[in-house]
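Survey of secondary and tertiary structure
The residues making up each chain are set out below.
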Amino acid sequence: KILVETAGPVTTIVINRPQARNALDNEAAHALAAAFRSFEANDDAKVAVLTGAGGAFCAGADLKELGSGTDYFPWAGSAGGPLRTPLGKPVIAAIEGHACAGGLGVALFCDIRVIDDTAVFGVFSRRWGVPMSDGTTVRLPRIVGQGRALDMLLTGRAVGADEAIAIGLATRKVARGTTRQEAQALARQIAGFPPIAMISDRQSTYESFDRDQAAAVQREMELSLAARRQESQKGAARFAAGEGRGGKFAK
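All of the points below concern the structure found in this document. (Residues numbered from 1 in each chain as written. Predicted model: local features only at pLDDT ≥ 70, side-chain atom pairs only at ≥ 80, totals over all residues. Heavy atoms only, no water.)

Focus on the nonpolar core
Our working rule: Side-chain atoms within 4.5 Å are what join buried Ala, Val, Leu, Ile, Met, Phe, Trp, Tyr and Cys residues into a set we call a nonpolar core. Buried means the residue's accessible area, taken with a 1.4 Å probe over protein chains only, is under 20% of the maximum for its type, while exposed means over 50%, and partly exposed covers the values in between. Every helix listed is a DSSP run of H or I at least four residues long, and every strand listed is a run of E at least two residues long, numbered separately from the N terminus. Whether two residues are in contact is decided by their heavy atoms: any pair within 4.5 Å suffices.
Within the largest apolar cluster, 49 residues are counted, with the highest numbers of intra-cluster contacts made by Leu24, Leu50, Phe57, Ile95, Phe121, Leu140 and Leu169. Of all the elements in the fold, those that place two or more residues in this core are strand E2 (10-15), helix H1 (26-41), strand E3 (47-52), strand E4 (91-95), helix H3 (102-109), helix H4 (136-144), helix H5 (146-155) and helix H6 (161-167). Top element by residues in this core is H1. It accounts for six residues. Non-local contacts of Leu50, meaning those with residues more than four positions away in its chain, are made with Ile13, Ile15, Leu32, Phe36, Phe57, Val91, Ile92, Ala93, Ala94, Val106 and Cys110. The next biggest cluster of nonpolar side chains, apart from the first, holds 13 residues, and it includes Ala94, Val114, Val174 and Ile190.

Some words on the pairing of E4
The condition is simple: A pair of strands is labelled paired if DSSP reports no fewer than 2 bridges between them.
By the criterion of burial, E4 is predominantly enclosed, with five of the five residues buried. Because side chains alternate across E4, one face comprises the buried residues Val91, Ala93 and Ile95, and the other comprises Ile92 and Ala94, equally buried. Looking at chain direction, E3 and E4 are connected through four bridges and run parallel. Bridge assignment links Val49 to a residue of E4, and that residue is Ile92. By the bridge criterion, four bridges tie E4 to strand E6 (residues 112-115) in an arrangement that is parallel. Each bridged residue has a counterpart across the sheet, and for Ile92 the counterpart in E6 is Ile112.

What about the sheet that holds strand E8 (residues 159-160)?
Let me state the cut-off plainly: Helix axes use the C-alpha atoms of the stretch in contact, all axes being lines fitted to C-alpha atoms, and the angles between their N-to-C directions lie in the range 0 to 180 degrees.
Ordered by their spatial adjacency, three strands build an open sheet running E5-E7-E8, and the pairing between neighbours is mixed. Every interior strand has two partners, whereas the edge strands, strand E5 (98-100) and E8, have only one. By the bridge criterion, three bridges tie E5 to strand E7 (residues 120-122) in an arrangement that is parallel. Within the sheet, the bridge partner assigned to Ala99 lies in E7 and is Phe121. This element, H3, spans E5 and E7 of the sheet and lies at about 95° to E5.

Shown next, in the form of C-alpha cells:
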C-alpha cells in the first residue's frame with residue numbers, strides 16, 4: 001500500500017491504493033508513518049517526494065473502512081501518526097488528481113506542493129460529518145490565511161489547480177503528468193545545497209509559529225550558528241572565487 005523508491009539522495013514515497021484514489025486505511029496510514037520514519041533515520045536520504053499512484057494523490061481516510069465500524073486513528077494528533085510534526089528534512093508533494101479531506105492534510109504536511117492542472121483540493125469529508133484530525137485546521141490557515149482556510153473548511157468546496165496556485169495552497173504548476181518527475185528534479189536540486197544552513201532555515205520557519213517575534217528571531221540566530229561555523233566561510237570563499245556570479249543558481 002506504500003511503496004518506497006530511492007535514487008541517490010532522493011526518496012520517493014508512493015501511496016499505492018489507486019482503486020480507492022489512494023485513500024488511507026489504517027494499515028496504509030501506519031505504513032506511511034513507517035516510511036517517513038525510515039526516511040528520517042537514513043542519513044543518505046536528503047529530500048523526500050510524496051505522491052500517489054494512478055492519477056490521484058490521496059482521497060483522505062478510507063470511508064469504507066470507517067463505515068464498517070473500524071475507527072481511524074488521528075494522523076496528526078496521535079503519537080504514532082504520520083502527520084504528527086514536520087520531519088527534520090524536506091518533503092515535496094507531487095500532486096495529480098484529488099488531494100481531498102485527509103489527503104489535503106497529507107499535502108499540507110509537505111513543504112512544497114507541485115501540481116498539474118488535474119489537481120483538486122477540498123474538505124470533501126464535510127458532507128459526511130468526518131472532522132479533520134490530520135493537521136488541516138492548523139496548517140491550512142498558516143499557508144493560505146484564516147479567511148480562505150475557513151471558506152474551504154466550512155463549505156467543503158473544490159479548489160482547482162489555478163486557484164490553488166493563486167492563493168498559495170500549491171507552490172508550482174507543471175505540465176500534466178509530470179509532477180513526479182518535476183518534484184524529483186526539485187528534490188535533487190535542494191539535496192545539492194549545503195545541508196546545515198538549509199535545514200536550520202527550514203526549522204526556524206516552522207518553529208517561528210510557536211514564538212513571538214523577538215523569540216523567533218533569537219531562535220533563528222541560535223539555529224544559524226552551526227551553519228555559520230561549518231558552511232558559511234567555505235561558501236563565501238567559493239563566491240569570492242567567482243562561483244555563482246552572473247545569476248547562476250545551480251546549487
